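Spelled out from the first residue to the last, the chains are:
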Amino acid sequence: LGHPFAAYLRRFLNVQAKSDLKMTKGTTSFGKRHNKSHTACRRCGKISYHIQKKTCSSCGYPAKKMRNFNWGQKAKGRRTVGTGRMRYMKTLTRRFKNGFREGTQAK
């Protein structure tokens with residue numbers, strides 16, 4: 001390689017090889033992550049209870065009021081009325097329609 005560009009190319013390739021060894025922000029850094037900051041919450045069951053802060057980032061436990069914000073409409077919908085079994089409420093509309101009658105039999 002007697003070409004004048006060859007020296008530049010050799011220097012460029014050498015710089016590339018050295019920079020490939022660094023990898024500080026990627027793969028090597030991910031190997032150091034083995035401490036858990038969050039664990040399962042007693043109230044909501046999500047892995048959102050911060051061990052050092054002693055608060056849940058999802059539901060706000062141990063605060064009495066559930067954590068919710070108007071900017072999180074999707075999150076509100078995930079835990080609002082109608083997302084569970086609704087053992088009482090699912091029969092309510094039918095019973096209201098019939099005037100909450102009880103003790104009668106269909107003919």
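How each quantity is defined
Residues numbered from 1 in each chain as written. Predicted model: local features only at pLDDT ≥ 70, side-chain atom pairs only at ≥ 80, totals over all residues. Heavy atoms only, no water. Helix = DSSP H or I, 4+ residues; strand = E, 2+ residues; numbered from the N terminus. Buried < 20%, exposed > 50% of the residue type's maximum accessible area, 1.4 Å probe, protein only. Contact = heavy atoms within 4.5 Å. Areas by Shrake-Rupley, 256 points an atom, 1.4 Å probe, with all protein chains shown as cover. Phe/Tyr/Trp six-rings, centres within 6.5 Å; stacked < 30°, edge-to-face > 60°. 1 Å grid on protein atoms, 1.4 Å probe; cavity = no way out; pocket = protein on both sides within 12 Å on 5 of 7 lines; lining within 4 Å. Points joined across faces, edges and corners; volume = space filled by probe spheres on them. Nonpolar A, V, L, I, M, F, W, Y, C, P; charged D, E, K, R; others polar. Patch = residues over 30% accessible without salt bridge, like charges linked within 9 Å, V, L, I, M, F, W, Y side chains within 5 Å. Salt bridge = Lys/Arg side-chain N within 4 Å of Asp/Glu carboxyl O. Disulfide = S-S within 2.5 Å.

A. Structural view of the overall build of the chain. Along the backbone of the chain there are four helices and three strands. Along the chain direction, N to C, the helices and strands of the chain fall in the order α-α-β-β-β-α-α. For the chain, with 107 residues in total, the buried portion stands at 9%. Taking all contacts inside the chain whose residues are at least 6 apart in sequence as the whole, residues at least 24 apart take part in 0%. For the chain, the exposed surface amounts to about 10,300 Å²; the carbon and sulfur share of it is 57%.

B. How the structure looks around the packing of aromatic side chains. Under the counting rule described, the total for this entry stands at three aromatic pairs. Ring centres of Tyr49 and Tyr61 lie 6.2 Å apart, and the angle between their planes is 55 degrees; on these two criteria the pair is classed as tilted. Placement of the pair is Tyr49 in strand 2 (residues 49-50) and Tyr61 in the loop between strand 3 (55-56) and helix 3 (73-78), with a sequence separation of 12 residues. A relative accessible area of 17% places Tyr49 in the buried class. An angle of 10 degrees between the planes, with centres 5.1 Å apart, marks the rings of Phe69 and Trp71 as stacked. The partly exposed category is assigned to Phe69, whose relative accessible area is 38%. Classification of Trp71 as exposed rests on a relative accessible area of 69%.

C. Structural context of the layout of surface pockets. Taken as a whole, the largest pocket holds about 170 Å³ of empty space. Lining the largest pocket, in full, are Arg94, Arg95, Asn98, Arg101, Glu102, Thr104, Gln105 and Ala106. Looking at side-chain class alone, the lining of the largest pocket contains one nonpolar, three polar and four charged residues.

D. The arrangement of a nonpolar patch on the surface in detail. Together, Phe5, Tyr8, Leu9, Phe12 and Leu13 make up a nonpolar patch on the protein surface, roughly 500 Å² of accessible area in all. Inspection of the secondary structure assignment puts Phe12 in helix 1 (residues 4-22).

E. Examining unusual backbone geometry more closely. Residue Pro62 follows Tyr61 across a cis peptide bond; omega there is 15 degrees. You can see Pro62 is positioned in the loop between strand 3 and helix 3. The phi dihedral of Lys54 is positive, around 60 degrees, even though this residue is not glycine. We classify Lys54 as partly exposed; its relative accessible area is 48%.

F. Quick look at the state of the cysteines. Under the defined criterion, the tally for this structure stands at zero disulfides. Residue Cys44 stays outside any disulfide, its sulfur separated by 3.7 Å from that of Cys56, the closest cysteine. Given the relative accessible area of 28%, Cys44 is considered partly exposed. Between Cys59, a free cysteine, and Cys41, which holds the nearest cysteine sulfur, the sulfur-to-sulfur gap is 3.7 Å.

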